[in-house]
Amino acid sequence: MGDLDMYGLDRRRVLRGVLNGSAVTVALPLLNCFLNGTGDALASGEPMPVRFGTWFWGCGMSKKIFVPKQTGRGYELTEELEALKAVKDHVNVHTGLTAYRDGNFFCHYTGWVALRTGSAPVVGSQPLAESLDVTIANKIGRTTRFKSLTATATGDVRNVISYENATTPNTPEFSPINFYTRLFGPDFQDPNAPTFTPNPRVMVRKSALSPVMERIKVLNGKVGAEDKARLDQYFTGLRHLEQQFDHQLTKPEPRAACVAPKAQKDEPVPGTDSVLVNTRHKLMTDLMVMAVACDQTRVFNMSMSKSDSNQTKQGYEKPHHTCTHEEPVDEKLGYQPNASWFTKRSIENWAYFVEAFAKVKEGGGTLLDNVLIMANTDVSYARIHSLDEMPAFTAGRAGGKVKTGMHIDGKGGQGTALSYTVMKVMGLDINSWGTKSNQTSKEVGEILA
Amino acid sequence: MAVFAKAGIVKAGPAVCLVAALALVSCSAPIGKDQGAAPKVASTPEPANDGSEKRLRVLSEAQYLNTLAHVFGPDVKTEPHFPPAQRYDGLLALGTARAGVSGAQLELYQKAAVTVAGLITNRERRGYLMTCKPASEKAADRACAQQFLAYTGRLLSRKPLPQAELAAFVETASASADKLQDFYAGLAIALEAMLVSPKVIFVAERSESDPQHPGQQRLDAYSLATRLSLFLWNAGPDDAVLKAAESGEILTPKGRARVVNMMLASPRLETGMRAFFDDMFAFDDFSTLAKDPKIYPSFTGVTAQDAREETLRTVIDHLITKNGDYRDLFTTRDTFISPSLAAQYRLPAPPTWTPYEFPEGAPRAGILTQISFLSVHSHPGRSSPTLRGKALREILLCQPVPPPPPNVDFSAVENPNSPIKTARERINIHQKNPACAGCHKIMDPMGLALENFDAIGRYRDTEKGAPIDASGSLDGKAFKDVVGLGQVLHDHPALTSCLVKRAYSYGTGGSAKADDKDKLDYINARFAEQGYKLPDLLRTITLSNAFSRINETPAPAATAASAN
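In every chain, residue numbers begin from 1 and rise along the written sequence. Lettering of chains starts at A and numbering of ligands starts at 1, both following the order in which they are written. Two thresholds apply to this predicted model, a pLDDT of at least 70 for residue-level local features and 80 or more for giving and counting side-chain atom pairs, whereas whole-chain, interface and lining totals are computed over all residues. Heavy atoms from the whole structure form the basis of all side-chain values; hydrogens and water molecules are not counted.

## Focus on the interface of chain B and chain A
To be explicit about the condition: Throughout, a contact is declared for two residues whenever any of their heavy atoms are within 4.5 Å. What gets called buried area is simply the loss in accessible area from a 1.4 Å probe that two parts show on being joined, summed for both. In the sections that follow, a salt bridge refers to a side-chain nitrogen of Lys or Arg positioned within 4 Å of a carboxyl oxygen of Asp or Glu. Secondary structure elements are defined from DSSP: runs of H or I of at least 4 residues count as helices, runs of E of at least 2 residues count as strands, and each element is numbered from the N terminus.
With 71 residues of chain B at the contact, the number on the chain A side is 71 residues. Summing the contributions of chain B and of chain A, the shared interface buries around 6,200 Å²; its carbon and sulfur component is 61%. In this assembly, chain B and chain A are joined by 7 salt bridges. Arginine 382 of chain B is the partner of glutamate 317 of chain A in a salt bridge, and the nearest nitrogen-oxygen pair spans 3.6 Å. Of all elements in the fold, only strand E2 (56-58), helix H4 (103-121), helix H7 (163-180), helix H8 (183-195), helix H9 (198-201), strand E3 (202-204) and strand E8 (408-409) of chain B reach the threshold of two or more residues within the side of chain B that touches chain A.

Put into structure tokens, the structure is as follows:
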């Protein structure tokens, strides 16, 4: 039973009463605790929400020093995975996954798009369908302020990893300052604030949307089917805006883990230098983690680099992607040392991302316990754009539905099996996913609890 | 596709070879057969054609901001960060006719609307941006709200608002003013709603039966006004253009010519053409351009910004101010330099932007030798003949280079003890391999001619101590250095036909297709007759039937609905 109920009041009824008058500050009773007695559910009795995220890095790996020799638990971290030491128990390493081209090939695009949309693209830079994060967000992201959030550490707004549909990319947040403002700027409502001041402007703003929605009907009657779909999508966006206004008019559920960060004032200058990218990645990650902890979203995406990663290493003339193609394989080492240097930076950032969720306490455990993250890349061996034996990761236990700490060898099976598995874990009622060679109904059973 | 900059050798194996062979077929096709053909020299009238398709476009961020600036003044501005469109057939503008508007994007529109409405209705501006004052600032005033909303609604949605729609906005303003006990706050709420409304965000073109040509469709007057305005000004139409639409004048040949000439004479043409060339030259890449600070410490964010500006200034000065020949952009020694660029050009720094003429005999001639092209099509730490060559083929000659085949093995160029010093030596290895040579032959010669310039566009004679050979040939025309390349490019028929193709696509909002050939031939011919002058090209396109006619069979329901 919620505390408001104990006072014999319904929260919405309180607020409705207030908003019919002028703006006043309403002191809602502070909740005695945020959680139920066992700490595994919200005070309202609802279970902790399970959130979903993706993480992306470009240009794959060097098999020799990436793929662990052993499978299952107790595998030994390899040279390129060394950075996972602190989070090894939270992560599953997946290797040996195949992305099928199905007749077309767009070097650094086909592989990751196949795993995220279930289909190999037939033109460059455009997928056939929405990406899995969108499918999941449509299922679990409707109740939060943002249906999903997407960010990149590259500083480039064009670095797309999520598609609302074939022609609508979810363009990423690329500036830490902008991202901070969107999340924790004036429209943020601290769920743990002792008082709640509904803004009467927001109420009239919401009312003002109704006539706008009427206008869409006028346009809808005059366009073809494809354009109608675009207008429908816009209409859905208006509904989303309306929902955001509703959120602003409703006292949010308290969230113990939510601590709004200090205002972001500085951000790295534009550039692809690895140090800059790492800094940007940390800033964006910290904001993203707190957005999840504050229940601003339940679906999130982060990219570390472009698929044909253009990161640079100071003093080394070849950017990451160029390096993978042009750097000779060191005869003694048996791999490309500089290409591997870039991969190691990526894995360090992946470890940072996972640890950032693990550091936030939630209920009896951590935020990461109630999260499932899938990380993937565009190729396995970037030097030859290979889509065989691709690596991926999962992290988090999805509220106890997923086991972690393992290396799972996909043995050349479909990479989409991993995507399908995480979609099933996130509650999607589907029997198969993907098209043509990437269509699958197989789950990666090893990770299921 | 930066990957193609790194050529390689196709691994042995039947499947791989087949894909590689397919990819190279298109690279082996004679260049210029379709795209580079000399336009027919003719002064014949426009051939019969069915025009272009109706589009539903999303207003770009620049178009949104330009329109606001035109309606409310340049100080009413915001930084909305609307996501850029995806590039199709060489233009971001074509992406706006395909993109949807996601919820997150609409959120940005709403945030921008709040900022803009706040700026317009604040105490400093309301006095001069509004032509009426409310009876009381603390209550609704329908008449005043109606006056303001009707005026702004017409300009923002590029057409007078239908009565019912206007009434709804007035009702929003009044109800909100009463609720908030503030007339201007209420008006701001209505303005916010208008700024996220579909008629502002979307450009939905309408067609109607053409009474002069029974059975054919044409853009209606307002859609024609908007198509013209987005093309020439990169903004919505102003009061004068809308008046020509309201009266129907814009639908008459004489009236349309008057409107087009008026628009071409407007200072807004410069804004419009900057946007067009910025798009065509893919200068959005400058937004993230950075160089390795250890290798090129002098190249800063300001340098990148100024490099983009230098080329745009040169383009506008040459094509509009001087009404010059488009081809001469690739040979002209005239440019503009800023303090930041002067350091890269090794010239004395001027106090501010200053016109400059490179001396005769200097290795700098034409916009290809400006820092913009040279730096943006290089790696952060070194130049790239292949990236440069590919960009010039695709951007300036409209000749797409196919993506490389899968499973390319680069081991042949990866000898760690290589004596190779120059890019030419590196690339020659690619050229010797038939699997790579097909595509590299069409990219590298142009790129190698630019090797006298490093990754930030500074001149050099040598690379790693070895002299640089910048000679080459382009589609059978030999040149000995970059100035020679500029001249060969100047005379290349695909140079002008590419501009025509891009301008027509940009203006009509869709890719040029195979059956547009006759239209493009006609525009090419006119362009040539008129000495390759940009304003003449714009006039030819905007006055053509190809621009205003709509190729669809009229649907009765749609025609009836367009009365709204």
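## With respect to the state of the cysteines
Heads up, the rule is: Count a disulfide wherever a pair of cysteine sulfur atoms falls within 2.5 Å. Working definition: with a 1.4 Å probe on protein chains only, accessible area under 20% of the residue-type maximum means buried, over 50% means exposed, and in between means partly exposed.
Summed over all chains, the structure comprises 3 disulfides over all chains. Between the sulfur atoms of cysteine 258 of chain A and its disulfide partner cysteine 294 of chain A the distance amounts to 1.9 Å. With the S-S dihedral at roughly 90°, the linkage between cysteine 258 of chain A and cysteine 294 of chain A falls on the right-handed side. Residue cysteine 258 of chain A is found in the loop between helix H8 (225-248) and helix H9 (274-293), and its partner cysteine 294 of chain A is found in the loop between H9 and strand E7 (299-303); the two are separated by 36 residues along the sequence. Judged by its relative accessible area of 3%, cysteine 294 of chain A is buried. Between the sulfur atoms of cysteine 398 of chain B and its disulfide mate cysteine 498 of chain B the distance is 2.0 Å. One quick way to see it: the torsion about the S-S bond of cysteine 398 of chain B and cysteine 498 of chain B is about 80°, and its sign makes the bridge right-handed. With cysteine 398 of chain B in the loop between helix H17 (385-396) and E8 and cysteine 498 of chain B in helix H21 (residues 493-508), this residue pair connects regions lying 100 residues apart in the sequence. For the residue pair cysteine 398 of chain B and cysteine 498 of chain B, the accessibility class agrees, reading buried in each case.

## So, the pattern of salt bridges
The full count for this structure, using the stated rule, is 58 salt bridges over all chains. Put simply, lysine 147 of chain A and glutamate 164 of chain A hold a salt bridge, and the shortest N to O gap is 2.6 Å. Residue lysine 147 of chain A is located in the loop between helix H5 (132-140) and strand E4 (149-152), and its partner glutamate 164 of chain A is located in strand E5 (residues 163-165); the two are separated by 17 residues in the primary sequence. Glutamate 164 of chain A matches lysine 147 of chain A in its accessibility class, with the two residues each being buried. A salt bridge links aspartate 295 of chain A to arginine 298 of chain A; its shortest N-O distance comes to 2.8 Å. Considered together, aspartate 295 of chain A and arginine 298 of chain A belong to a single accessibility category, that of buried residues. Look at the salt bridges and you will find they share partners, linking Asp156 and Arg158 of chain A together with Arg87, Asp279, Asp284 and Asp285 of chain B into a network.

## Notes on empty space enclosed by the protein
Left-over empty space is what a probe sized like a water molecule reveals as it rolls over the atoms. Residues and elements named next belong to chain B. Put simply, the rule reads: Every definition here rests on a 1 Å grid over the protein atoms only: cavities are sets of points where a 1.4 Å probe fits but cannot get out, pockets are open sets enclosed by protein on both sides within 12 Å along at least five of seven lines, and lining residues have some atom within 4 Å of a point. Grid points are joined across faces, edges and corners, and a volume is the space filled by probe spheres set on the points. Classification used: nonpolar for Ala, Val, Leu, Ile, Met, Phe, Trp, Tyr, Cys and Pro, charged for Asp, Glu, Lys and Arg, polar for all others including Gly.
Scanning the model with the defined rule gives 9 cavities of 30 Å³ or more in all. Size it by volume and the largest cavity reaches roughly 240 Å³. Together, 19 residues line the largest cavity, and Ser157, Lys159, Lys199, Ala204 and Arg206 are the ones closest to its centre. When contributions to the lining of the largest cavity are tallied by element, the ones reaching two or more residues are H9, E3 and helix H10 (221-233). In terms of residue class, the lining of the largest cavity is built from 9 nonpolar, 4 polar and 6 charged.

## Here's the deal with the sheet that holds strand E13 (residues 549-550) of chain B
Residue and element names in this part refer to chain B. This is how it is decided: A strand pair is defined by DSSP finding two or more bridges across the two strands.
Pairing within the open sheet is antiparallel, and its 3 strands lie in the order E4-E5-E13. The strands lining the two open edges of the sheet, one partner per strand, are strand E4 (207-209) and E13. Here 3 bridges tie E4 to strand E5 (residues 217-219), and the two strands are oriented antiparallel to one another. Bridging across to E5, serine 207 finds its partner in leucine 219.

## What to know about the sheet that holds strand E1 (residues 51-56) of chain A
Residues and elements named next belong to chain A. To keep it simple, the criterion reads: The convention used is that axes are lines fitted to C-alpha atoms, helices contributing only their stretch in contact, and that angles between N-to-C directions extend from 0 to 180 degrees.
Strand order across the open sheet formed by 8 strands is E2-E12-E3-E11-E10-E1-E7-E4, with mixed pairing between neighbours. Two strands lie at the open edges of the sheet, namely strand E2 (72-73) and E4, each paired on one side alone. Against the sheet, helix H12 (residues 416-425) makes contact with E1, strand E3 (91-98), strand E10 (371-376), strand E11 (390-395) and strand E12 (406-414), and its axis sits at roughly 165° relative to E10, the strand it touches most.

## Things to note about the domain arrangement of chain B
Residue and element names in this part refer to chain B. In plain terms, the rule: Residue ranges assigned to the domains are those given by an automatic or database domain assignment.
Here chain B is partitioned into domain 1 (59-201) and domain 2 (276-401 + 422-491). Taking only C-alpha atoms into account, the centre of domain 1 sits 42 Å from that of domain 2. Taken together, the contacts link 5 residues of domain 1 with 4 residues of domain 2. Buried area between domain 1 and domain 2, both sides added, is near 350 Å², and the carbon and sulfur share of it is 46%.

## Some points on the domain arrangement of chain A
Residue and element names in this part refer to chain A. Taken domain by domain, chain A consists of domain 1 (51-195 + 260-447) and domain 2 (199-248). Here domain 1 and domain 2 have C-alpha centroids that lie 32 Å from each other. The partner domain 2 presents 7 residues to the 11 residues of domain 1 that form the contact. Together domain 1 and domain 2 conceal approximately 750 Å² of surface at their shared face, both sides included; 36% is due to carbon and sulfur atoms. A per-residue breakdown of the area domain 1 buries against domain 2 is headed by Arg142, Arg145 and Gln189, which together make up 51% of the total. Here domain 1 is connected to domain 2 by 0 salt bridges.

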